[in-house]
Amino acid sequence: MTDTIQTPADTAADEATEPVQAEEFLHLDPADIIIGTNVRTDLRADHKEFRKSIKERGVLEAVTVYRNEDGQYVLLRGQRRTVTAAEVGTPTGLIPARVVPQPADADRIGDQMVENIHRAGMREAEIVAGVEQLALLGVSAAQIAKRTSIDRPTVNAALAVTKADQSRNRLDSGDLTLEEAAIFAEFEHDPEAVERLENTKKWRRSLAHEAQRLRDEAAEREADAAEVERLRAEGLPVLSAEEVAEADEVLRIERLVTEDGDPVPEEEWPNVPGARVQVVKEWVYPEDEYDEEQEDDEPAEPYQQYVPVWVVTDLAASGLRRRGASGSTTADSSDEGESEEEAEARREERRHVIANNKAWASAETVRREWLATFVARKTAPKGAEALICEAVVTGHHSLSKAMDHRHPMLFTLLGIDVPTGYYGAGYEECHKIATKASTPKAATMTTLAAIVAAWEATTGKHSWRNPTAWDARVLGALVEWGYQPSEVERILLGEESQPSTEDDSDDDADEASDSAA
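Presented here is a report on the structure given in the accompanying data block.

What counts as what
Residues numbered from 1 in each chain as written. Predicted model: local features only at pLDDT ≥ 70, side-chain atom pairs only at ≥ 80, totals over all residues. Heavy atoms only, no water. Core = buried A, V, L, I, M, F, W, Y, C linked by side-chain atoms within 4.5 Å. Buried < 20%, exposed > 50% of the residue type's maximum accessible area, 1.4 Å probe, protein only. Helix = DSSP H or I, 4+ residues; strand = E, 2+ residues; numbered from the N terminus. Phe/Tyr/Trp six-rings, centres within 6.5 Å; stacked < 30°, edge-to-face > 60°. Contact = heavy atoms within 4.5 Å. Polar contact = N/O pair within 3.5 Å; in protein donor to acceptor, adjacent residues only side chain to side chain. Pairing = 2+ DSSP bridges.

**Some points on the nonpolar core**
- Ranked by internal contacts, the top residues of the largest apolar core, which has 36 residues, are Leu448, Leu478 and Trp481.
- Only helix 14 (340-374), helix 15 (384-394), helix 16 (397-404), helix 17 (408-414), helix 19 (440-458) and helix 21 (469-480) provide two or more residues apiece to this core.
- Take this core: its biggest share by element is nine residues, from helix 19.
- Counting 27 residues, the second-largest nonpolar core is a separate cluster that includes Val131, Ile144, Leu159 and Leu214.

If you want it as structure tokens, here you go:
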């Protein structure tokens with residue numbers, strides 16, 4: 001078990017007046033090593049990936065020890081590795097150790113300070129290079145994470161950057177962090193998207209939120225295009241999104257009249273000169289059919305559905321006119337008793353509501369991903385006790401509702417299947433979560449997770465329109481604990497001016513499809 005090697009100093013000692021003691025390299029049981037005095041007090045030995053690496057692969061870099069007068073091995077350097085190995089074990093049960101002469105206290109303290117002060121971790125660019133080399137050897141992302149004890153999101157980010165030259169160059173130059181570079185790499189093919197990300201970074205806003213909005217917008221465009229193609233296959237003259245954007249006006253035939261002031265019968269809409277079809281999305285509100293007597297069911301969330309709308313893009317060629325316009329193609333008003341200025345203000349307000357609703361949906365995706373990591377913490381952050389006390393003592397309705405329904409959002413954030421049913425369903429699962437928190441710190445964190453999850457379950461597009469004091473309280477705490485809110489979420493914190501919105505039932509078609517209302 002003991003390997004003694006001769007150092008270069010030993011060779012020189014043949015010609016020196018004083019012999020130099022040979023160094024030894026041993027494999028020792030970490031539990032047998034005496035932890036000597038060390039200037040470093042914060043070992044951060046609870047780091048999950050570090051512990052995992054030690055347990056699976058052992059200590060790769062030898063620690064440094066010396067023998068005391070009793071022949072015991074006393075640790076000089078490698079305290080964190082030794083303590084963690086003693087706690088979690090290694091594949092062989094041993095760790096490599098370099099045995100040196102016992103130093104003077106001044107030398108020991110100086111060496112320990114130099115070791116910790118000047119230690120530098122790998123640069124992110126170096127991590128990317130290492131991950132790339134492993135990938136080129138055919139090692140999967142999962143195996144890279146296991147071999148290196150680098151968390152999977154970091155491995156995924158590194159792999160993404162290896163496929164995007166511009167983003168990688170910016171990472172190498174220090175212009176971007178690895179997380180930022182991975183986001184830019186995803187959209188490197190889209191100049192407009194990159195420009196939006198650049199502006200977001202310039203104004204120190206959340207790149208994660210902007211990236212999610214870009215993803216959602218792309219998915220929406222793809223779904224819209226698919227619906228256009230489906231309707232075209234049925235023989236309808238459907239306008240593409242590009243054609244809608246390029247048109248000077250897109251007017252619904254149902255809102256136009258003939259020269260005699262009569263509405264056009266619906267069956268005649270396809271026969272109007274220049275008539276086309278625009279695909280719009282309209283909101284459906286299932287709660288209109290919700291039966292409050294059925295206590296077992298919750299009203300379903302509103303959803304959007306595609307609707308084909310007959311329109312014209314050339315009012316003069318269609319032979320129709322706007323309501324209220326006597327033989328003219330210029331509108332006197334959009335609604336009875338409403339001026340054009342008032343109509344435009346109403347449309348602008350509607351566009352604002354639609355934009356913020358979309359922004360909230362994107363922000364929800366980012367926030368819940370962050371919360372899934374947050375609720376998995378082992379210890380609660382500073383200030384958690386006060387939030388827990390307020391929620392429990394005041395009996396906030398979000399917490400009461402979550403308790404009545406066995407914390408479905410908590411299950412979702414923890415990655416556990418949500419129990420189905422109502423009465424009694426989920427009790428055993430909740431009990432497992434509670435009893436797993438066997439220490440005071442764990443119990444505090446689990447309770448905090450339940451409260452935050454309960455709040456999250458009550459949020460929605462209504463939250464930015466009508467924020468409550470509790471919304472500001474919880475989101476404000478999350479921001480203190482590291483969450484970076486989006487612009488629409490900042491409304492809950494009172495950091496953005498809140499518009500006087502009208503009812504959210506306005507459909508997306510009114511955003512751009514009917515400038516004449």
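Once the structure has been displayed, the description carries forward.
**Brief notes about the packing of aromatic side chains**
- Inspection of every chain in the model, using the stated rule, returns three aromatic pairs.
- Their ring planes at 15 degrees and their centres at 5.1 Å tell us that Trp370 and Phe374 sit as a pair that is stacked. Here Trp370 pairs with Phe374, and both are found in helix 14, just four residues apart, close to one helical turn.
- What makes Phe374 buried here is its relative accessible area of 3%.

**Here's the deal with the environment of Thr459**
- For Thr459, the location among the structural elements is in the loop between helix 19 and helix 20 (462-465).
- When its relative accessible area of 9% is taken as the criterion, Thr459 is described as buried.
- Residues Thr459 and Asp471 lie twelve residues apart in sequence; the distance between their C-alpha atoms is 8.4 Å.
- If we ignore the near neighbours within four places in the chain, the residues touching Thr459 are Trp360, Arg367 and Arg368.
- Within the structure, the side chain of Thr459 is placed 2.7 Å from the backbone oxygen of Glu456, a separation counted as a polar contact.

**Quick look at the sheet that holds strand 9 (residues 303-312)**
- Strands sit in the order 6-9-8 across an open sheet of three strands; the sheet is antiparallel. The open sheet has two edge strands, strand 6 (251-252) and strand 8 (276-284), and neither has a second partner.
- Pairing geometry for strand 6 and strand 9, over two bridges, is antiparallel. Considered in strand 9, the bridge of Leu251 is made with Val312.

**Topic: the side chain of Ser318**
- Positionally, Ser318 belongs in helix 13 (residues 315-318).
- Of the polar contacts made by the side chain of Ser318, one reaches the backbone oxygen of Leu315; its length is 2.6 Å.
- If near-sequence neighbours (up to four positions away) are discounted, Ser318 is found in contact with Val272, Pro273 and Val312.

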